[in-house]
Amino acid sequence: MGIKLHVFRALFKKDFKNCFMNRNVSLMLALPILFVLLYKFLLNGGADESFSAYYTLLMCSVLTLSVIPLNILAMLISEEKEKHTLRSLMMANVSGAEFISSKAAVCLILMMSEGIIIYLLCGLAMNLMALYLGVIFIVSLAIIIFGAVVGISAKDQMAAGTLGTPLMMLFLIPPVFSTMNNFFEKVSVLVPTTSLYTIYGAVYNDQPLISKDNIIAFGVCLAWIIIGIAAFMRIYKKKGLDD
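Residues numbered from 1 in each chain as written. Predicted model: local features only at pLDDT ≥ 70, side-chain atom pairs only at ≥ 80, totals over all residues. Heavy atoms only, no water.

Draft legend 1. Focus on the pattern of salt bridges. If you walk through the whole model with that rule in mind, you get 4 salt bridges. In this structure, the salt-bridge partner of D15 is K103, at a minimum N-O distance of 3.0 Å. With D15 in helix α1 (residues 5–19) and K103 in helix α5 (residues 96–122), the pair connects residues that are 88 residues apart, well separated along the chain. As a salt-bridge pair, E80 and K103 come within 3.0 Å of each other at their nearest N and O atoms. Within this pair, whereas E80 is found in helix α3 (residues 53–82), its partner K103 is found in helix α5, the two being separated by 23 residues in sequence. Each member of the pair, E80 as well as K103, is classed as buried. (Salt bridge = Lys/Arg side-chain N within 4 Å of Asp/Glu carboxyl O. Helix = DSSP H or I, 4+ residues; strand = E, 2+ residues; numbered from the N terminus. Buried < 20%, exposed > 50% of the residue type's maximum accessible area, 1.4 Å probe, protein only.)

Draft legend 2. Summary view of helix α6 (residues 129–153). In this model, α6 (25 residues) spans 36 Å end to end at C-alpha, consistent with the 36 Å of a helix rising 1.5 Å per residue. The largest bend in α6 comes to about 30 degrees, at L141. Of all 25 residues in α6, 18 are buried; the element is thus mostly enclosed. (Expected span 1.5 Å × (residues − 1). Bend = angle between axes of the 7 residues up to and from the residue.)

Draft legend 3. View of a nonpolar patch on the surface. Taken together, the side chains of F16, F20 and I109 present a nonpolar region at the surface, about 260 Å² in accessible area. Considering the arrangement of structural elements, one finds F16 in helix α1. (Patch = residues over 30% accessible without salt bridge, like charges linked within 9 Å, V, L, I, M, F, W, Y side chains within 5 Å. Areas by Shrake-Rupley, 256 points an atom, 1.4 Å probe, with all protein chains shown as cover.)

Draft legend 4. The layout of surface pockets, seen in detail. Roughly 620 Å³ of volume is contained in the largest pocket. As for the largest pocket, its lining consists of 25 residues, of which S178, T194, Y197, T198 and D213 are closest to the centre. Elements that contribute at least two residues to the lining of the largest pocket include exactly α3, α7 (157–177), α8 (182–188), α9 (194–204) and α10 (212–239). Per-element tally for the lining of the largest pocket: the top contributor is α9, with 6 residues. Class assignment for the residues of the lining of the largest pocket results in 12 nonpolar, 11 polar and 2 charged. Volume-wise, the second largest pocket comes out at about 230 Å³. Listed by contribution, the elements that provide at least two residues to the lining of the second largest pocket are α5, α6 and α10. Split by residue class, the lining of the second largest pocket holds 11 nonpolar, 2 polar and no charged. (1 Å grid on protein atoms, 1.4 Å probe; cavity = no way out; pocket = protein on both sides within 12 Å on 5 of 7 lines; lining within 4 Å. Points joined across faces, edges and corners; volume = space filled by probe spheres on them. Nonpolar A, V, L, I, M, F, W, Y, C, P; charged D, E, K, R; others polar.)

Draft legend 5. Structural detail: the nonpolar core. In this structure, L57, I72, Y119, Y132, L196, Y200 and F232 are the most contacted members of the largest nonpolar core, which totals 76 residues. Here this core takes 17 residues from α3, the largest share from any one element. Discounting residues that sit within four places of it in the chain, Y200 has contacts with Y54, L57, L58, Y119, L124, L128, L131, Y132 and S195. (Core = buried A, V, L, I, M, F, W, Y, C linked by side-chain atoms within 4.5 Å. Contact = heavy atoms within 4.5 Å.)

Draft legend 6. View of the environment of C122. With respect to the element layout, C122 can be found in helix α5. Measuring from C-alpha to C-alpha, the distance between C122 and Y54 comes to 7.5 Å, with 68 residues separating the pair along the chain. If we ignore the near neighbours within four places in the chain, the residues touching C122 are V36, K40, A53, T56 and L57.

What is shown is where atoms sit, not what they do.
Written out as structure tokens, the structure is:
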């Protein structure tokens, strides 16, 4: 599964353009930004601590992390199957690595762009933005592999949405409810999206970046990356891209 740069570049341009032509993808990209605007303007964010800029940033970022790397990548892959363009690409000697990596790169760029927009809308300290984006990138890597797993497992976009929903809930619910329930607090430690709460939250509250909790958070992300790669390789060898 080698990658030829000119093929990757052509696929990347095609995938980037096509993702904005998919209404489901466009809706998923708009949803977190709409939530930020809702909290910031309609709910008078900052007047109530529960709708502070910090809380809004974390909640909307976790929503974005749970949607873009997972569901959008799965939809981009399954859309090619649904439209029967995947088989044409395979016949044109496009490798599986080129096919998956171009779509994963598009999703990573969308994720980072969305993160920048959300951070600027929330209006938090600019000196912490690099840390925030760094954590977003690491967590995205831990999740995006599962988007590829869902994509190659699903036959069409509807199946991708069905298969991806339980994982999306797993990444979304524990960190959001971790401060409200002891069960979710314990479970959330094992979820990569909680790493954003842990690492960014520590530095935001003037705690050291290198700490036991932050090292555990990085370790959880690394563990999910390893598990994701193992799951992807197993399913890829079993089913390939187009079964």
